[in-house]
Amino acid sequence: MDSCCMPSHLQAPGGSCYSNGPIRAGILRSRKDVSPMAEALTPRSQDYAKWYNEVILRAELADYTPVKGCMVIRPYGYALWENIQAGLDRRFKATGHQNAYFPLFIPMSFLQKEAEHVQGFAPELAVVTHGGGKKLEEPLVVRPTSETVIGHLYAQWINSYRDLPLLINQWANVVRWEMRTRLFLRTTEFLWQEGHTAHATEQEAQEETLRMLEVYSDFATRDAAIPVIQGRKSEREKFAGAQTSYTIEAMMGDTKALQAATSHNLGQNFAKAFNIQYLDRQNELQYCWTTSWGLSTRMIGAIIMVHGDDRGLRLPPVLAPVQAIIVPIWKRPEERAQVLAAVEGLKALLGDRVRWQVDDREEYTAGWKFNEWELRGVPVRIEIGPKDVAREQVVLARRDRPGREGKSCVPQAQLVPSLKELLEDIQKNLYRQALEFREQHTQETDDYQEFKEVVAGGFTRAYWCGSPDCEQAIQAETKATNRCIPLEQPEQPAGHCIYCGQPAREQAIFARAY
RNA sequence: CGGGGAGUGGCGCAGGGGGAGCGCGCACGGUUUGGGACCGUGAGGUCGCGGGUUCAAAUCCCGCCUCCCCGACCA
């Protein structure tokens, strides 16, 4: 680790962002593009949307580009995405899936093979009409999702029950022409993973659909520290072409809902549209049962909105590109040498046990750096100054408890175990705070008057008869949509639809949503 | 696609017929560094684009483009 050949603030020798150890992703090289006038962020209570945009731009997660709705994911934001990918990819592999890559362009006619699918996506397709200076025989759509091309290929690859199940995932970009865009939440182009599987029986497909919903739920809970509600989408809200769609819904810091991931049981809809057939043991031709499931860069928006506070981001340690930022502090030159020597000791101690970085830029004061790394959501700050050097200790400051109360002194010899413990505690605390917030803003009711009052302030759980008309009427009157029918239902469900009063057997979650 | 707001130096903004300014950032020098330090000197702009009115347009008129916010549609 030879720091003298690098710019002083780039003291990390690199290494994969997926692994622990010193990292260099997203280091601040300068303060360009950041408004110094707005040293404090717009408080969330004052203007939540403005706060959201400011956090993203100032923390350098992303930026706008010349094309409407297209954003650039900057190194710090991309490092976060890479950690999300790593957490998911590991789970996909553990459940037997393989990665592959399917093409960006899809013949227009493919989309048209599944009636509901094309109807759902037609308004938001980007279509390529020319190539190589000539008009194309058949327009190509830029994939909005890949069920159709993948269906086409599955039909060729699958012949026998012995070829099943076929379990493939792809990491890709997709394009959906959106009227209204928002950084990470709804961009014209976005990154995601889409899993596509084919099975011999309906039951296996259903098991797969719920297995992947559980994978998403586990990722959200353990890695992103976001509590989610697993549920089934209503007919109105389901994926175009699916038999049944499932979702994990999360509550953002302004009490609105966000669909964080989806998993679809596609039934035989795409199998029939694309002739995905196999010969069973009795030598009879059968249609496959397929599924698809996806999670996108929207998850980054969820992390920002679930955990962020008025100081900026608060990243869950499991996903944070930088888990600990070391800030050396000194006054006099001889102190500088001592402190920096001690920092070398800390670096050796930490090794690749956590993802750390040293901010020894001399053009900023310690206080400035404290605020800056809090804005960027780094879970733990390690302060080391002359006093700490003398006492062979460091100060650990936790992001989830800003200011003096979140600081503690630990002996340098205890740094690694203390830090690891602290990171775990922060991870748990972020989840606990998010869960508490959601519970505080969730109500159950069977009275429509009350429903109308409370639904503006969070999640409302109510019996629903299943009629799309009731859903639509509720949306028109309250701006709240049916987020999902939670998988967890009362043991002896019995009630009346919150809107029409007809007998209802299931409860749904209603909320305003992103 | 409707409603609202905005395009002036890297960022945030003021200026509304006649000299393109302020704050921050940036560069250089010096003093500083335990919760967003300070002094000095400097660099940096076809005022979103295109037309028009005028002796004269950042400023007035017409058209267009882009971005943000709020709604309808969607991961």
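Residues numbered from 1 in each chain as written. Chains lettered and ligands numbered in written order. Predicted model: local features only at pLDDT ≥ 70, side-chain atom pairs only at ≥ 80, totals over all residues. Heavy atoms only, no water.

## What to know about the overall build of chain A
Broken down by element type, chain A carries 14 helices and 25 strands. What you see for chain A is a C-alpha radius of gyration of 25 Å, in line with the 24 Å of a compact globule of 514 residues. Counting only C-alpha atoms, chain A reaches 80 × 60 × 45 Å along its principal axes. For chain A, the proportion of its 514 residues judged to be buried stands at 55%. Intrachain contacts of chain A at a sequence separation of at least 6 include 71% that bridge at least 24 residues. Split by element, the accessible area of chain A, about 22800 Å² in all, is 49% carbon and sulfur. The average position of the 60 basic charges and that of the 65 acidic charges among the side chains of chain A differ by 5 Å. (Helix = DSSP H or I, 4+ residues; strand = E, 2+ residues; numbered from the N terminus. Rg over C-alpha atoms; globule rule 2.2 N^0.38 Å. Buried < 20%, exposed > 50% of the residue type's maximum accessible area, 1.4 Å probe, protein only. Contact = heavy atoms within 4.5 Å. Areas by Shrake-Rupley, 256 points an atom, 1.4 Å probe, with all protein chains shown as cover. Lys, Arg positive; Asp, Glu negative; His and termini not counted. Charge placed at Lys NZ, Arg CZ, Asp CG, Glu CD.)

## A closer look at the sheet that holds strand 19 (residues 407–411)
With mixed pairing, 5 strands are arranged side by side in an open sheet as 16-15-17-18-19. Of all the strands in the sheet, the pair left with one neighbour each is strand 16 (356–358) and strand 19. Sheet twist, expressed as the average angle between the axes of neighbouring strands with direction ignored, equals 25°. (Pairing = 2+ DSSP bridges. Axes fitted to C-alpha atoms, helices over the stretch in contact; angles between N-to-C directions.)

## Observations concerning the pairing of strand 7 (residues 166–175)
Extensive coverage of strand 7 is indicated by the burial of 9 of its 10 residues. Looking at chain direction, strand 7 and strand 8 (residues 189–199) are connected through 10 bridges and run antiparallel. Considered in strand 8, the bridge of Ala172 is made with Trp192.

## A word on the domain arrangement of chain A
For chain A, the assigned domains read domain 1 (1–12 + 322–424), domain 2 (71–307) and domain 3 (442–511). A C-alpha centroid distance of 50 Å is found between domain 1 and domain 3. (Domains from an automatic or database assignment.)

## A short note on the packing of aromatic side chains
Tallying each qualifying case throughout the model produces 15 aromatic pairs. Each ring, one from Phe102 and one from Trp157, has its centre 6.0 Å from the other, and the planes form 40°; the classification is tilted. Here Phe102 is found in the loop between strand 3 (98–99) and strand 4 (105–107), whereas its partner Trp157 is found in helix 5 (residues 147–157), with 55 residues between them in sequence. For Trp157, a relative accessible area of 42% translates into the label partly exposed. Both rings, one in Phe190 and one in Trp192, keep their centres 5.7 Å apart while their planes meet at 85°; by these two values the pair is edge-to-face. Phe190 gets classed as buried once you look at its relative accessible area, which sits at 14%. (Phe/Tyr/Trp six-rings, centres within 6.5 Å; stacked < 30°, edge-to-face > 60°.)

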